[in-house]
Amino acid sequence: MLIFEHSRPGRRNRSQFSTTTAEKKNIPQNLLRKSPMLLPEASEMDVVRHYTRLSQKNFSIDTEFYPLGSCTMKYNPRACNALAMLPQFLARHPLAPEDTGQGFLACMYELQEILKDVTGMAGVSLTPMAGAQGELIGVMMIRAYHEARGDKNRTEIIVPDAAHGTNPATAVMCGYKVVEIATDKEGNVDMAALKAAVGPQTAGLMLTNPSTLGVFEKNVSEMSRIVHDAGGLLYYDGANLNAVLGKVKPGDMGFDVIHINLHKTFSTPHGGGGPGAAPVGVAERLLPYLPVPMVAHERGVYRWLTEKDVPHTIGRLSAHMGNAGVLLRAYVYVRLLGVKGMNRVSEYATLNANYLMAELSKAGFEIAFPTRRASHEFIVTLKDIKEKTGVTAMNLAKRLLDKGYHAPTTYFPILIPECLLIEPAETESKETLDAFTAAMKEILVEIQEQPDMVKSAPHDMPLRKLDDVKAARELDLTWKP
Amino acid sequence: MLIFEHSRPGRRNRSQFSTTTAEKKNIPQNLLRKSPMLLPEASEMDVVRHYTRLSQKNFSIDTEFYPLGSCTMKYNPRACNALAMLPQFLARHPLAPEDTGQGFLACMYELQEILKDVTGMAGVSLTPMAGAQGELIGVMMIRAYHEARGDKNRTEIIVPDAAHGTNPATAVMCGYKVVEIATDKEGNVDMAALKAAVGPQTAGLMLTNPSTLGVFEKNVSEMSRIVHDAGGLLYYDGANLNAVLGKVKPGDMGFDVIHINLHKTFSTPHGGGGPGAAPVGVAERLLPYLPVPMVAHERGVYRWLTEKDVPHTIGRLSAHMGNAGVLLRAYVYVRLLGVKGMNRVSEYATLNANYLMAELSKAGFEIAFPTRRASHEFIVTLKDIKEKTGVTAMNLAKRLLDKGYHAPTTYFPILIPECLLIEPAETESKETLDAFTAAMKEILVEIQEQPDMVKSAPHDMPLRKLDDVKAARELDLTWKP
Amino acid sequence: MPFIPHTEEDVKEMLASIGASSIEELFDEIPPDLKTGALTCVPPGMSEMEISRLMLERAQADGFYLSFIGAGAYEHHIPAAVWQITTRGEFYSSYTPYQAEASQGTLQLLYEYQTMMASLTGMDVSNASLYDGATALAEAALMAVRQHKTSRRILVPRTVHPAYRKVLSAIVRNQDIEVVEIPFCPESGQVLLEHLEPFGQEDFAALVIPQPNFFGVLEQVDAMTDWAHAKHSSVIAVVNPMSLAMLVPPGEWGTQGADIAVGEGQPLGIPLSSGGPYFGFMTCKHDLVRQMPGRIIGRTVDLDNKPGFVLTLQAREQHIRRSKATSNICTNQGLMVTAATIYMSLLGPEGLRQVAAQSHANMLQLAEQLEQLPGVKRVYSGPCFHEVALTLPRPVNEILQALKEQGILGGLNLQEHYPELENALLVCATETKTADDLNKYSEMLGKILKKYG
Amino acid sequence: MPFIPHTEEDVKEMLASIGASSIEELFDEIPPDLKTGALTCVPPGMSEMEISRLMLERAQADGFYLSFIGAGAYEHHIPAAVWQITTRGEFYSSYTPYQAEASQGTLQLLYEYQTMMASLTGMDVSNASLYDGATALAEAALMAVRQHKTSRRILVPRTVHPAYRKVLSAIVRNQDIEVVEIPFCPESGQVLLEHLEPFGQEDFAALVIPQPNFFGVLEQVDAMTDWAHAKHSSVIAVVNPMSLAMLVPPGEWGTQGADIAVGEGQPLGIPLSSGGPYFGFMTCKHDLVRQMPGRIIGRTVDLDNKPGFVLTLQAREQHIRRSKATSNICTNQGLMVTAATIYMSLLGPEGLRQVAAQSHANMLQLAEQLEQLPGVKRVYSGPCFHEVALTLPRPVNEILQALKEQGILGGLNLQEHYPELENALLVCATETKTADDLNKYSEMLGKILKKYG
Ligand SMILES: Cc1ncc(COP(=O)(O)O)c(C=O)c1O
Ligand SMILES: Cc1ncc(COP(=O)(O)O)c(C=O)c1O
């Protein structure tokens, strides 16, 4: 039932209505709205009941194991939410004077400094509102760098074929041509392909390391040398930082610019699709281009750094300073973890991934890169299973829902056929991993014994498989009364 | 799965641990605990996940229609919760000086005054922590009154047979003998029985009006006269005040003492079994006996009234002043409703009850008192159905769960065989009542066509019918590792 | 009309179905002379926005203080997860779990709670809560009297929380039960056997033993327990549940253990909140379970033999047994128990131990610092948990007033409850107090005392 | 190690299964020279209790002010239910709803949101959010350029929010799109046709129309829309969604309506929160839907023909289309949209109308009161929604400073963004301001001005 179906003309939710009538009005008649608004007229209780019940239809970290590869679905500490939502923080206007926000600014400044340390970069700006915006801002800085040097013919960004879709999309959005390079059998970037692709037209290379194939790019130093020698810059997609936090600093690997998905590594919630936050960090030479505002600490006072302080900045990419409330959550998270806790994140994320990989392999699943260590995630391929039984990765994914587990990422990276990208994250216990393995084993048996049942999964969810094709063909994007 | 099954020896939830070790210790060895504590060693995420999932196994007002008679399951406004939980209110120590709590005390004082008005009583004390404690305190005041007058031979409290179980239990707890009197065919107290029961031994009469039979006790003035003439006092069980709020003041009906269940009429949440709050109101002659503390307002300052101010008080019935946080919720609720809203509560509660009664009657259900108006609740009896089909009120109740409705109160009042006491409350919409009627009709058909299916309900809940007998015979009250 | 969904159309249709011409007509069975005059003290309604502003202003007026008051209600850190989960609609807005199949969430949680409390107190069984610590003590006394059958005397040391003693008396005197107060040793702050002896000549139903007692002092619980048991009486322990992470649980006191343990559950994740809602807990030995008041949850199975939970032993309760029930209690403090269960789960045994140990250490540290000030000394020699009674060189109220002006709530004036304790202050320090906080207190008190000379 | 559940035992067993001797060994593929030196700027961990205290102290240091700042972020009352439901774990901690069958909660909510936003703006379709109002404008510009095919010029009045213009330029200049600024009438504060005409000689892809504009002034949207359409260009509306409860929606501007509507969703139930997270909304005409960036939810059926919801038209998006996607956006502002949808549902059409009308009335009242002070006058003659530009007789920063000392944030100094606007202040009053608040502001400003003579 849709919220609109709880609506009745004339129903009133009076505790939200003002107790006085607005007397004054001075707007020309032709500017006044005449058409109705299709908002529900529902009671407060019906609204609360409707959305409470809707919420129960979601799988979530708070209710299920959610091993969605590349997404780092780890526990979102409740304290981060509570403390970011303290009434004064919520009430603070973005344009309120700096001296009325020293508490807030202190948190932002410290977060900036901590992220610099963690990434090994020379400067950090907190403004990007998600990974993809971090990428855009990063690539914009690469562009600004080349332009400032009068180096105008660099028109290409190199992206491995395993890269996340946002990488090529970002390069294009920033006006570059994308050159995709292949992956070798071991899951590394094909070095020959890289060498062939690099040239004076190369503005930069975007790399995710550990890659979305779940392995550490061993040749990263070599790659860095190749690209730098050609005058290009190196971009680090930090979406997988959870795998190496405290172990490797992207700065040490030779990267010039990086974004970090706080909604992954720093455990701010995914919120059913956001908001995220993706601070960018840069090496020395890109410092002048960082987006504003940033926060400075001078003589005991925190203040915004704006265009005046950073004259070569690529500018502003959000009306204020990005997703401040998300940044507050991340700040609380790092303070809770502290330096020791930060180191442990990658250790246990890696332990969990390698353990689950080992167990699933023993259970009979084919691992995409069996000779490699898993980073914090790894890939199972159902290529053989599909050939033998017709059961696809998507079928298995849906069957997992029936068993109370969110499905891993399917069909990404695209180069691995029938793949499941599995990321357990460090906050899950061995028991949960063992139970998941048991469920996967059960499905393996089901695939042999009742493949049609698996193909028509899910069966125990409130809805059965949904028709995507119909959705796209017969577009129904808004409810009509 | 129990929380204990998420536990592993040595698992640590470190963000709740102190970062320093407690150095000092000065407790004799023989007083120190040696035995382990059976508390779970679980991760924060597992705890959050466990209890979030458990919560989803409850029916509640926020998720289902819950027409539980006598319980007034109405919407609990979220603002009441949010405002009672403002950090300063939560942090305030009960023994903090009065001048550090003027904001809190102002709310308490105003609530006292508003409740006086609503009940038509001369004084109100907010301390009782639930209806049953309100009753105890009320009966204690009756006792104190008689004792103060040297009237020592009043040993009996009269209670109608339809009364809630807390009424007789309270009288006994207060040292009285209980005399139960019968109900007539129309649902009124049998006046002959009352007259026969009253005498010089009568300390008082406890009456619920509208009664738990869902009808207004028409002879209440006459009853008041009879009891008062015999020197007894009248107690009003205000659990059903929702039915007459703003229409009748118990004070006007001649009652000497009353309790009000704020967790019913004033919409504080039932919380899966409490906490409630049940202020008591008294007529002039009982004023000296009200329990302390109360709140006074003198020269712009709020202060506690204690034993010093109320020397004849029956005393203290809670360590502080009862369920302060619940009282705050009720305060916010009355301010949101205001005088008009208060009047409307009973109007729409009554409208909903009479409408649902009419619809269920048309649907073929037998109404216990078909010639009477429903108050805010009414009774359906399955006596005939049981005789013909063997299907009981409990069977029907369980089948309703399958259809997404919480069951009405069953087998209370005990004098009506196979009864369902149905209270829709004013916050439910006509659509919901209609959908409920439709579900009841469906069940009526099922009773005819597949009585065994109804008898073995529920079928669509996570568990089937639970074995109460086994539970009581083979007591398993704590988990053993 | 906030919270009422009816449209005019709805009302018309509903009245038509009923066969009434107006809503007012539905009240036609109420004698006209009883109809209420207008409500005169109820103000007009406010919007949610308006009441939010008012409440925020009142809360801000009350402000925050650095508080060292304990005396039965204790400030502890409450993990954020506790109340975020507790206030989920499914816990917050459900009723007592009468319909077991639709209430497994609450029922299982209560079963887990019972397990935790039984273990914490070292007893066999637990109920699902009573109103608060004070009424729990009263219920325990009634229970002991029912059990003992012949004596209606309850021995209660004066070291028991004064408010608890008041509540106890107010409730049990209705059943002609005699509450006998036992003195204590003015040096150690404990009840010694010599104080008990004179009262043991006559039969008594139970001895109440507080641990720690109202002064924060630890009683000699083993000796007291054995003494009472030797007289064929029950022992009722009144304990701070947080202290049990450090202290011998009542179930292990003396040779047989206490018979009933009660107390205030507030330290387990419940905010101070001006005194409530808190919750009373009660645990007891197995053979007393049928005497226990309140809800009890049992594990059983469903028709398919799947485990599940139900309210059990309901024959003790008012809704079944009416005038023969063990108590009149119906609504209890369910939501608080929900919070406490989540709290205990989040802390676990080690977390709870740390809170207790840190609180104890902070109290020792604070006492040490304060004792260095001229004229400040400990009143009692007995060992303490996280509270301590101190004598000041000046009237306590004067000092408290001066501290308050510096944002500090310095403790409780003991003379309010013990007239003989002149210039005595009860001070508490829990794990929430930092070294800075303790220093702030001792420095400020030092300054104030200096000012007075 | 907070949030890591592993026991030592677990680690041993897991390593054994993997066949590794230590966790460190699992990192053996990382070249040793890349291994990080220690983190030097990350402080030691804090307990939840400690960080709670720190954050509470920082929040209190920031305090509360009576604020009259608007300028793109508006204080409105947010019903308590909004965030209590939004932060339920099932919404808060779920991912983008890729697995439709396990995400019907979020998906249905987004479908409801799309319906509400399409209706509010008078457009056909809506996406499921963009980052914020400013980036939504940039995406709209890119969309218009893709649609127009020949021109890469976007006309943007200087009355558009300065920060939006900055963001727009920063983003679109990478694709060689030219942003042309249009002047406005210094008397009315509006863009008149005469200001547009000179820029219409050359082709352009779209004209951006703000309503209300940055000065709070209402633009002559019909004329502007028709003008742009006559030049075969698109119209991008930048609107305050709250104002649409009073104002003609973009879909009805001029004869054909705007083509794309974007804006900042913050006024719909999102706290000010120092600037974010907010959310950008975007709606458009049906024939532009395949050009739209971001998630779109569609209604469909399952195998049993039961209705359900899925992400649709994914072929526009980066995870499918990669370099050919309509945008690089992936994670959006889902949780904010959750809150906004609940907010709009709780207010309904009448509630939203009242908020808008009350805000408008409060602005008029405040402007009237302030204009009575010597030297204070309105800068522009055009009608306003809930914000107004005023000229003061003294430098604005001086006045703002003095007001701040009285707990009042008086507005935004317009000169920071418009050098020509000397002594000009942008003041906003929403429904949250009471008559007392307005009086307090005008009295205080009166006193301050008097002091300066
Ligand atoms: C490897 C990788 N890069 C980039 C992104 C994009 O981040 P966001 O969704 O925050 O825009 C993701 C997120 O899914 C990712 O997994
Ligand atoms: C008529 C009546 N009286 C008394 C009570 C007891 O109230 P409480 O449960 O708050 O103790 C109830 C509650 O169920 C009731 O319905």
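Predicted model, so just to flag it, every value in this text is computed and none were measured.

**Quick notes on the interface of chain C and chain A**
Logical step 1: Each partner contributes residues to the interface: chain C has 16 residues there, and chain A has 18 residues.
Logical step 2: Contact between chain C and chain A buries roughly 1,400 Å² in total, counting both sides, with carbon and sulfur atoms accounting for 53%.
Logical step 3: Across the salt bridge formed by C:Asp10 and A:Arg11, the nearest N and O atoms sit 3.4 Å from each other.
Logical step 4: Put simply, chain C and chain A have eight residue pairs in polar contact (both at pLDDT 80 or more) between them.
Logical step 5: Among the secondary structure elements, those contributing two or more residues to the side of chain C that touches chain A are helix 2 (48–62) and helix 3 (80–86) of chain C.
Logical step 6: When residues of the side of chain C that touches chain A are assigned to their parent elements, the largest contribution, three residues, is made by helix 3 of chain C.
Logical step 7: Residues that form the side of chain C that touches chain A fall into these classes: eight nonpolar, four polar and four charged.

**Focus on the site of ligand 2**
Logical step 1: In the vicinity of ligand 2 lie 16 residues, with B:Ser70, B:Asp237, B:His263, B:Lys264 and C:Thr331 positioned nearest.
Logical step 2: Site remark: ligand 2 is flanked by residues from chains B and C.
Logical step 3: At a separation of 2.6 Å, an oxygen atom of ligand 2 approaches a polar side-chain atom of B:His263.
Logical step 4: Contact between ligand 2 and B:Lys264: an oxygen atom at 2.8 Å from a side-chain N or O atom of the residue.

**A few points about the interface of chain A and chain D**
Logical step 1: Facing 200 residues of chain A, the contacting portion of chain D comprises 186 residues.
Logical step 2: Of the roughly 16,500 Å² buried at the junction of chain A and chain D (both faces included), carbon and sulfur atoms supply 63%.
Logical step 3: Put simply, chain A and chain D have 13 salt bridges between them.
Logical step 4: In terms of residue class, the side of chain A that touches chain D is made up of 100 nonpolar, 55 polar and 45 charged.

**Side note on the domain arrangement of chain C**
Logical step 1: If you check the domain split of chain C, you get domain 1 (8–62), domain 2 (66–75 + 349–452) and domain 3 (80–342).
Logical step 2: Centre-to-centre, using C-alpha coordinates, domain 1 of chain C lies 41 Å away from domain 3 of chain C.

**Description of the site of ligand 1**
Logical step 1: Near ligand 1 lie 16 residues; those nearest to it are A:Ser70, A:Asp237, A:His263, A:Lys264 and D:Thr331.
Logical step 2: Contacts to ligand 1 include A:His263, whose side-chain N or O atom sits 2.6 Å from an oxygen atom.
Logical step 3: D:Thr331 has a polar side-chain atom sitting 2.5 Å from an oxygen atom of ligand 1.
Logical step 4: For the shell around ligand 1, the leading source of residues is helix 5 (residues 131–148) of chain A, giving three residues.
Logical step 5: In terms of residue class, the shell around ligand 1 is built from five nonpolar, eight polar and three charged.

**Overview of the pattern of salt bridges**
Logical step 1: In total, this model carries 112 salt bridges over all chains according to the counting rule given.
Logical step 2: Between C:Arg153 and C:Glu178 there is a salt bridge, with the nearest N and O atoms lying 3.9 Å from each other. Separated by 25 residues along the polypeptide, C:Arg153 in strand 3 (residues 153–157) and C:Glu178 in strand 4 (residues 178–182) bring together distant segments of the chain.
Logical step 3: One connected set of salt bridges, linked through shared partners, spans A:Arg399, A:Asp402, A:Lys403, A:Glu442 and A:Glu446.

**Notes on the confidence of the model for chain C**
Logical step 1: Across chain C, the average pLDDT comes to 97, with 100% of residues at 70 or higher.
Logical step 2: For this predicted complex, the interface confidence comes out at an ipTM of 0.98, alongside a pTM of 0.98.

**What to know about the packing of aromatic side chains**
Logical step 1: Scanning all chains against the criterion turns up 42 aromatic pairs over all chains.
Logical step 2: Seen from their ring centres, B:Phe65 and B:Phe436 are 5.2 Å apart, and the 80° between their planes marks the pair as edge-to-face. Pair noted here: B:Phe65 is in the loop between helix 1 (44–55) and helix 2 (78–84) and B:Phe436 is in helix 12 (residues 430–449), with a separation of 371 residues, a long-range link. When sorted by exposure, B:Phe65 lands in the same class as B:Phe436, which is buried.
Logical step 3: An aromatic cluster of at least three residues, connected via ring pairs, comprises C:Phe184, C:Phe214, C:Phe215, C:Tyr380 and C:Tyr418.

**What about the sheet that holds strand 11 (residues 377–378) of chain C?**
Two orientations exist for strands paired in a sheet by backbone hydrogen bonds: parallel and antiparallel.
Residues and elements named next belong to chain C.
Logical step 1: In spatial order, the strands read 11-12-15-14; together these four strands make up an open sheet with antiparallel pairing. The outermost strands of the open sheet, each flanked by one partner alone, are strand 11 and strand 14 (412–413).
Logical step 2: Bridging between strand 12 (residues 387–391) and strand 15 (residues 424–428) involves five bridges; their strand directions are antiparallel. Note on strand 15: the bridge partner recorded for Ala389 is Leu426.

**Quick word on the domain arrangement of chain A**
Residue and element names in this part refer to chain A.
Logical step 1: Partitioning chain A into domains gives domain 1 (79–337) and domain 2 (345–455).
Logical step 2: Buried area between domain 1 and domain 2, summed over both chains or domains, comes out near 1,700 Å², and the portion from carbon and sulfur atoms is 56%.
Logical step 3: Summed over the shared surface of domain 1 and domain 2, the number is one salt bridge.
Logical step 4: For the salt bridge of Lys247 with Glu347, the shortest nitrogen-to-oxygen distance reads 2.8 Å.
Logical step 5: Counting across the domain 1 and domain 2 interface gives nine residue pairs in polar contact (both at pLDDT 80 or more).
Logical step 6: Counted by class, the side of domain 1 that touches domain 2 contains eleven nonpolar, nine polar and six charged residues.

**A word on the pairing of strand 4 of chain C**
All names here are of chain C.
Logical step 1: Pairing between strand 3 and strand 4: five bridges, direction parallel. Each residue of the ladder has a partner; that of Val156, found in strand 4, is Glu181.
Logical step 2: The handedness of the strand 3 to strand 4 crossover, carried by helix 7 (residues 162–172), is right-handed.

**Regarding the sheet that holds strand 3 (residues 177–181) of chain B**
Residue and element names in this part refer to chain B.
Logical step 1: Across the sheet, seven strands lie side by side as 1-7-6-5-4-2-3; this open sheet has mixed pairing. Whereas interior strands pair on both sides, the edge strands pair on one side only; in this sheet they are strand 1 (123–125) and strand 3. If you compare each strand with its neighbour and ignore which way they point, the axes differ by 20° on average.
Logical step 2: Here five bridges tie strand 2 (residues 156–160) to strand 3, and the two strands are oriented parallel to one another. Residue pairing across strands places Val159 opposite Glu180, the latter belonging to strand 3.
Logical step 3: Across the sheet, helix 4 (residues 102–119) touches strand 1 and strand 6 (257–260), and the angle it forms with strand 1 is around 125°.

**Some thoughts on the nonpolar core**
Logical step 1: The biggest cluster of nonpolar side chains holds 261 residues, and the ones touching the most others in it are A:Leu194, A:Phe266, A:Met342, A:Phe378, C:Leu352, C:Tyr441 and D:Met55.
Logical step 2: Broken down by element, the residue count for this core peaks at 21 residues, all from helix 9 (residues 324–362) of chain A.
Logical step 3: Beyond its immediate stretch of four places on either side in the chain, A:Leu194 contacts A:Ile158, A:Ile181, A:Val189, A:Leu205, A:Met223, A:Ile226 and A:Val227.
Logical step 4: With 259 residues, the next largest nonpolar core counts A:Met85, B:Tyr331, C:Leu26 and D:Leu66 among its residues.

**A word on the packing of helix 11 (residues 334–371) of chain C against helix 13 (residues 435–452) of chain C**
All names here are of chain C.
Logical step 1: It is at 9 Å that the axes of helix 11 and helix 13 come closest, and there the two elements cross at 20°. With respect to helix 13, the element helix 11 is oriented roughly parallel. Once helix 11 is placed against helix 13, the crossing between them reads as right-handed. Taken together, the residues of helix 13 that come into contact with helix 11 (itself represented by Asn362, Gln365, Leu366, Gln369 and Leu370) are Leu438, Asn439, Tyr441, Ser442 and Leu445.
Logical step 2: Grouping the constituent residues of the contact of helix 11 with helix 13 by class yields five nonpolar, five polar and no charged.

Quick notes on the rules
Residues numbered from 1 in each chain as written. Chains lettered and ligands numbered in written order. Predicted model: local features only at pLDDT ≥ 70, side-chain atom pairs only at ≥ 80, totals over all residues. Heavy atoms only, no water. Contact = heavy atoms within 4.5 Å. Buried area = accessible area lost by both parts, 1.4 Å probe. Salt bridge = Lys/Arg side-chain N within 4 Å of Asp/Glu carboxyl O. Polar contact = N/O pair within 3.5 Å; in protein donor to acceptor, adjacent residues only side chain to side chain. Helix = DSSP H or I, 4+ residues; strand = E, 2+ residues; numbered from the N terminus. Nonpolar A, V, L, I, M, F, W, Y, C, P; charged D, E, K, R; others polar. Near = heavy atom within 4 Å. Domains from an automatic or database assignment. pLDDT = per-residue confidence, 0-100. Phe/Tyr/Trp six-rings, centres within 6.5 Å; stacked < 30°, edge-to-face > 60°. Buried < 20%, exposed > 50% of the residue type's maximum accessible area, 1.4 Å probe, protein only. Pairing = 2+ DSSP bridges. Right-handed = clockwise from strand over helix to strand, strands pointing away. Axes fitted to C-alpha atoms, helices over the stretch in contact; angles between N-to-C directions. Core = buried A, V, L, I, M, F, W, Y, C linked by side-chain atoms within 4.5 Å. Parallel < 35°, antiparallel > 145°, perpendicular 65-115°, else oblique. Left-handed = near helix turned anticlockwise from the far one by under 90°.

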